[in-house]
Amino acid sequence: MDLRRWLTSGVDAVEDWQAGFGPYQPDASLWVSDEQFAAAFGEFTERMRGNYPFFHPAYAGQMLKPPHPAAVAGYLTTMLINPNNHALDGGPVTGQMEKEVVAQLAGMFGLATHLGHLTSSGTIANLEALFVARELHPGRGVAYSTEAHYTHSRMCGVLGVEGTAVPTDRAGRMDLAELDELLARGRIGTVVATAGTTGVGAIDPVHEVLAVARRHGVRVHVDAAYGGFFTLLAGLQDRAGLDEAPWRAIAECDSVVVDPHKHGLQPYGCGAVLFRDPDVGRFYLHDSPYTYFTSGDLHLGEISLECSRAGAAAAALWLTFRLLPPEPDGLGRVLAAGRRATLDLAKLISDSDRLVLYQPPGLDIICYYPAVRPLSLSAIDRASARMLADGMADQDRPVYLSTLRVAAAEFDRRHPSVVLDGDGARILRSVLMKPEAEGYVGELHSRLERLAGG
C-alpha cells in the first residue's frame, strides 16, 4: 500500500468536496508561509527522531506499534473535515461509521444484542462500564483480580465505589475459590474478569468467573482492552489457537471493553465499550438543547460519558475493517503471527542456560529473567535493569525491552529456588504484537542471549 499516494488522494478528495460549497476567502489570521512552516516543521521532524523505533521488531518492549497505513489514511483524511461524533449533526457520516464498527465488534464477541460506542481510551471505556455497574447496584462494590489493570482501582475511587482485589493463582488468573468466598458476603455487585492482563498476559477463566458470579446474582464485566481481539484465535486449528471457553463466555457477560488502538491496528486513542443489555442506555440520559436536534435516531453522545470525540477515529477503524475485518481470516492472521512468535521465543528461552521463562505466555506478552548466580531477587533485579539499559544503548544492534516488577510472594510461587532477599524484583517483559516479530524471533533471542551474558 503506497501511503504517500493515498494521503495525497485523501487531500484531493477533501478539496474536491469542499469546492462543491462555493468559493470563500480564508482568513488572513490563519495564513502561514511555506518558509515559516519549513522552519517549524524541520524542528518538529528532528525532535520526532528521538522516539523509539516502535515499528521495528527490535522494539520488543511495551504494547506499542504504528497503526495500519489504511487507518492513517482514513484518520488524516477525515481529520481535514474534523467531524465530532458526539452528535449526529457533528458527525453525520462518521457517526454512522461508528455504529457499523461497533456492531462488528459486538459480532466479534458473539453478542446477540448490544449498546456501545467508541471511546478515547480503554480507561474511559472501563470507567463507563463501572459507572453503569454502580447505577445498577448502588451501594455494592466491584471486584477485580490483583493482576487487573490499575484503572479499576482508580475508577472505583472516582466513582465512590468500594473496590476489592481478588488474589490470583500461579498463572496470574483470578482465584475462583477466593472469588466465591468474597461474593458470598453480599457486598459485591460486579466482578471484572480480565481477558489479557497487561503485566503477564494472563486470561482469567471468564466462563468460570461467570458461573460463580451468577450463583451470587452478580454482574460480570470483561476488561478485554488488551486481549479482546484474541477472541479471533479461540478454537483456531493452529498452534496459535486459544482455548475457546473463556472467549465464548464473553457473549453471556454484561459488558466488555476492547481497545482497537492496540490489536485493532488503530492510532491512539480508540477504545470501545459494549453492553449486552441496550436498556442500560437509560443511565446516560441527559439533555443538550443545542446539540440533539437533527435526528430522531439515538445520538452517540446520548450513550456516552464523553462529549466531543474524534469522528476520525471511527472513520479510521471503519476503513481498516473494510480491508482487515475482525474475523479469523482478517485481523486474526495478524494476531496469530504475534502469538506464534511468542511461543517460539518461549521455547528458545526455556532451552536457554542464560535466560529463564517466568511463566508460559497466554497471549503475545512474554516475561523472563536472566539466569544469574547467585539466584536471588536482588541479583535478578540488577541484571534485568542492566539488560534493559544495555539493550537500548547498543549502537550497532539495539533492542528495546521493558521490565515488570514482581512481588517476592509471586516469584516464590513460580520459582521457589530463587532466594527471596527482597520484597520483589524487576524481570524482563516483551510484547510481540507486531506480526513481523515472527520472522525476527531468532535475531531477538540472539540479542537477549548476548545481553544476558553481560
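Residues numbered from 1 in each chain as written. Predicted model: local features only at pLDDT ≥ 70, side-chain atom pairs only at ≥ 80, totals over all residues. Heavy atoms only, no water.

Draft legend 1. Quick look at the environment of Gly10. Summarising the element assignment, Gly10 is placed in helix H1 (residues 3–19). The buried category is assigned to Gly10, whose relative accessible area is 7%. On a C-alpha basis, the gap between Gly10 and Tyr52 in space is 28 Å, while along the polypeptide they are 42 residues apart. (Helix = DSSP H or I, 4+ residues; strand = E, 2+ residues; numbered from the N terminus. Buried < 20%, exposed > 50% of the residue type's maximum accessible area, 1.4 Å probe, protein only.)

Draft legend 2. Inspection of the state of the cysteines at higher detail. Considering all chains together, one arrives at zero disulfides under this definition. There is no disulfide at Cys156, and the cysteine sulfur nearest it, in Cys253, is 17 Å away. (Disulfide = S-S within 2.5 Å.)

Draft legend 3. Looking closely at the sheet that holds strand S1 (residues 115–119). Strands sit in the order S1-S7-S6-S5-S4-S2-S3 across an open sheet of seven strands; the sheet is mixed. Strands with a single pairing partner mark the edges of an open sheet, and in this sheet they are S1 and strand S3 (163–166). Across the sheet, the mean angle separating the axes of adjacent strands is 20° when strand polarity is ignored. Running over the sheet, helix H4 (residues 92–109) touches S1, strand S6 (255–258) and strand S7 (271–275) and is turned about 115° from S1. Its contacts with the sheet place helix H5 (residues 122–136) against S1, strand S2 (141–145), strand S4 (188–194), strand S5 (219–224), S6 and S7, and it is angled at close to 25° to S7. (Pairing = 2+ DSSP bridges. Axes fitted to C-alpha atoms, helices over the stretch in contact; angles between N-to-C directions. Contact = heavy atoms within 4.5 Å.)

Draft legend 4. Local environment of the pairing of S4. Of all seven residues in S4, seven are buried; the element is thus mostly enclosed. Across four bridges, the pairing between S2 and S4 is parallel. Note on S4: the bridge partner recorded for Val142 is Thr190. One ladder, built from five bridges, connects S4 with S5; its direction is parallel. Residue pairing in the sheet places Thr194 in a bridge with Asp223 of S5. In terms of handedness, the path from S4 via helix H8 (residues 206–215) over to S5 forms a crossover that is right-handed. (Right-handed = clockwise from strand over helix to strand, strands pointing away.)

Draft legend 5. Spatial organisation of the pairing of S3. Residues Thr164 and Val166 point to one face of S3 and are all buried, whereas Gly163 and Ala165, pointing to the other face, are not buried. Bridge analysis of S2 against S3 gives four bridges, and the strand direction is parallel. Within the sheet, the bridge partner assigned to Tyr144 lies in S3 and is Ala165. Since S2 and S3 lie parallel, the crossover through helix H6 (residues 151–159) that links them has a hand, and here it is right-handed.

Draft legend 6. Region of the structure containing H4. The terminal C-alpha atoms of H4, which comprises 18 residues, lie 27 Å apart, in line with the 26 Å expected from a rise of 1.5 Å per residue. Listed as buried for H4 are Thr94, Gly95, Met97, Glu98, Val101, Val102, Leu105, Ala106, Met108 and Phe109. Buried residues along H4 sit against helix H3 (69–79), S1, S6, S7 and helix H10 (311–323). Count one or two residues on from H4 and you reach Gly110, which has phi positive near 80°. (Expected span 1.5 Å × (residues − 1).)

Draft legend 7. Molecular detail of unusual backbone geometry. Following Tyr268, the chain continues to Gly269 via a peptide bond in cis, the omega torsion being -10°. Following the sequence through the fold, Gly269 ends up in the loop between S6 and S7. Here the residue pair Arg373 and Pro374 is connected by a cis peptide bond, since its omega of 0° sits within 30 degrees of zero. Even without a glycine there, the phi angle at Asn82 is positive, about 65°. Tracing the sequence through the fold places Asn82 in the loop between H3 and H4. Even without a glycine there, the phi angle at Leu265 is positive, about 65°. Here Leu265 shows up in the loop between S6 and S7.

Draft legend 8. Representation of the sheet that holds strand S8 (residues 355–357). Taking strand neighbours across the sheet as the criterion, the four strands line up as S8-S9-S11-S10 in an open arrangement whose pairing is antiparallel. Looking at the sheet topology across the chains shown, the edges are occupied by S8 and strand S10 (402–407). Ignoring strand direction, the axes of neighbouring strands in this sheet form an average angle of 40°. In terms of strand pairing, strand S9 (residues 365–370) meets strand S11 (residues 424–431) through four bridges, oriented antiparallel. Note on S11: the bridge partner recorded for Cys367 is Arg429. Set on the sheet, helix H11 (residues 331–350) makes contact with S8 and S9; between it and S9 the angle comes to about 20°.

Draft legend 9. The packing of aromatic side chains, seen in detail. Under the criterion given, the structure shown has ten aromatic pairs. Pairing Trp17 with Phe21 gives two aromatic rings, centres 5.3 Å apart and planes at 75°, and the pair type is edge-to-face. Trp17 gets classed as partly exposed once you look at its relative accessible area, which sits at 43%. Exposure remark for Phe21: the relative accessible area of 62% places this residue in the exposed category. Taken together through their ring pairs, the aromatic side chains of Tyr52, Phe54, Tyr59 and Tyr400 make up a single cluster. (Phe/Tyr/Trp six-rings, centres within 6.5 Å; stacked < 30°, edge-to-face > 60°.)

Honestly, that's just the spatial picture; any functional story needs more than this.
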